[in-house]
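Each chain, letter by letter, is given below.
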Amino acid sequence: MYPPEFGYFKPQSLEEALDFLEKEDARPLAGGQSLIPMLKLRIISTGYLVDLNPLSSLSFVKDEGSQVRVGALTRHAEITSNTMIKTEVPLLYEASRQVGDVQVRNVGTIGGSVSNADPAADYPSVLTALDAKIVTTSKGGSREINALNFFKGPFTTSLNEGELVKEIVFPKLNGYKTSYVKVVRRAGDYAMVSIAVALRLKEGKVEDVRLSYSGVSDTPYRAKEAEKVLMERELNEENIKKAAEVAASGANPPSDVRGSSWYRKEVMKVITVKTLGDMK
Ligand SMILES: Cc1cc2nc3c(=O)[nH]c(=O)nc-3n(C[C@H](O)[C@H](O)[C@H](O)COP(=O)(O)OP(=O)(O)OC[C@H]3O[C@@H](n4cnc5c(N)ncnc54)[C@H](O)[C@@H]3O)c2cc1C
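This text gives an overview of the structure that appears in the document. Note that the coordinates shown come from a computational prediction; the quantities given were computed from them, not determined experimentally.

Moving on, we get to the site of the ligand. As a structural note, the neighbourhood of the ligand is formed by 31 residues, with Pro28, Gly32, Ser34, Thr109 and Asp122 the closest of them. Note that an oxygen atom of the ligand is positioned 2.9 Å from one of the backbone N or O atoms of Asp189. Judged by the fraction of its atoms near the pocket grid, the ligand is located in the largest pocket. Looking at the shell around the ligand, the elements with two or more residues in it are strand E2 (26–29), helix H7 (110–116) and strand E10 (164–171). Among the elements that make up the shell around the ligand, the one with the highest residue count is H7 (four residues). Considering only residue class, the shell around the ligand consists of 13 nonpolar, 14 polar and four charged.

Written as structure tokens, this is what we have:
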């Protein structure tokens, strides 16, 4: 299918992009891996696409001691191949390797994925598990938004008109074990269910735990009640099972081509038990 007609604007600077986005009926174009299919399927339409690809200032990975900053235009493949991210933010590294296929990872960007806010995408659950911050920019200035407040619904975020994601800030979680596990129907697919876990143990007891899921709600689902079940307790089979039950009972998965709501809850329980069990 052909998309409805639209104009194309190639900015020379971030300032020029923000000016144009504020004045016109326009949408930013990053990797185009979600935007172009949505235009072609006529789910959305726009007056102009503002191509962010010439803006090299949006593509970077910076190690800043206690945190890592990743520019919005950084490709999934650049995250996967970055050895510092692999060591310092292993959860992000693990998720980036599982986004789509090689072609998608070579072109798609972290900023595009986060702004797109697909409830089945990989990064949103990682960002909410890590308490990452999303830094935005617009003509009105800059904002820093906690990941838990950024995702508002399916394909809906707290971004305002004309506002861009500039970078994402990941705190380094020293002393934590992390794991990202994704269940898909076909290789290269979006998650039917995925889980992002960050866990810190002290003398066999859970000192901190974050459990966040994709594919089971309108937004990434941080299972805070299930986390409470585990806090300050031994990470044993009984407590893990209880936490998995609580996580699944608080989720509201859709029924769609990837699986029914009931099935997704069953998958949630299985991957929670398996992932936490492997982290003992
Ligand atoms: C075949 C296929 C399989 C895929 N599988 C997966 C998968 O398994 N897991 C997964 O997570 N994703 C998957 N994706 C999606 C992929 O990760 C995309 O890269 C991502 O959703 C969008 O990133 P993009 O850079 O292509 O953004 P675009 O498609 O260019 O933009 C997406 C949306 O974000 C907006 N936008 C882009 N950049 C910014 C910015 N900096 N600030 C504000 N708004 C912005 C655009 O206007 C648009 O609304 C798949 C895509 C395809 C085509």
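As a further point, take helix H11 (residues 237–249). Across its 13 residues, H11 extends 18 Å between first and last C-alpha, which sits within 8% of the 18 Å expected from 1.5 Å per residue. Inspection of H11 places Asn239, Ile240, Ala243, Ala244, Ala247 and Ala248 among the buried residues, and these make up the whole buried set. Taken around the axis of H11, the buried residues stretch over an arc of 165°, which confines them to a single face. Across from the buried face of H11, at angles greater than 90 degrees, the exposed residues are Glu238, Lys241 and Ser249.

Turning our attention to the sheet that holds E2. The sheet built from three strands is open, its strands ordered E1-E3-E2 with parallel pairing. Each edge of the open sheet carries a strand with a single partner, namely strand E1 (7–9) and E2. Sheet twist, expressed as the mean angle between neighbouring strand axes with direction ignored, is 30°.

Two side chains bearing opposite charge may form a pair once their charged atoms approach each other closely. Under the defined criterion, the tally for this structure stands at 21 salt bridges. With a closest N to O distance of 3.1 Å, Lys139 and Glu15 form a salt bridge. Taken together, the residues Lys139 in the loop between strand E6 (133–138) and strand E7 (141–146) and Glu15 in helix H1 (residues 14–23) connect sequence positions 124 residues apart. Since its relative accessible area comes to 36%, Lys139 is described here as partly exposed. Classification of Glu15 by relative accessible area gives partly exposed; the value is 47%. Here Glu225 and Lys228 are joined by a salt bridge, their closest N and O atoms 2.9 Å apart. Within this pair, Glu225 and its partner Lys228 are both found in helix H10 (residues 224–230), separated by three residues, close to a single helical turn. What makes Lys228 exposed here is its relative accessible area of 53%. What you see here is one network of salt bridges that share partners, running through Asp131, Asp208, Arg210, Arg222 and Glu227.

In this section: the side chain of Ser113. Its place among the elements puts Ser113 in helix H7. Residue Ser113 is classed as buried on the basis of its relative accessible area, which comes to 16%. What Ser113 contacts, discounting residues up to four positions off in sequence, is His76, Ala121 and Tyr123.

Cut-offs used in this document
- Residues numbered from 1 in each chain as written.
- Predicted model: local features only at pLDDT ≥ 70, side-chain atom pairs only at ≥ 80, totals over all residues.
- Heavy atoms only, no water.
- Near = heavy atom within 4 Å.
- Polar contact = N/O pair within 3.5 Å; in protein donor to acceptor, adjacent residues only side chain to side chain.
- 1 Å grid on protein atoms, 1.4 Å probe; cavity = no way out; pocket = protein on both sides within 12 Å on 5 of 7 lines; lining within 4 Å.
- Sits in = over half its atoms within 2 Å of the grid points.
- Helix = DSSP H or I, 4+ residues; strand = E, 2+ residues; numbered from the N terminus.
- Nonpolar A, V, L, I, M, F, W, Y, C, P; charged D, E, K, R; others polar.
- Expected span 1.5 Å × (residues − 1).
- Buried < 20%, exposed > 50% of the residue type's maximum accessible area, 1.4 Å probe, protein only.
- Arc of directions from axis to C-beta.
- Pairing = 2+ DSSP bridges.
- Axes fitted to C-alpha atoms, helices over the stretch in contact; angles between N-to-C directions.
- Salt bridge = Lys/Arg side-chain N within 4 Å of Asp/Glu carboxyl O.
- Contact = heavy atoms within 4.5 Å.

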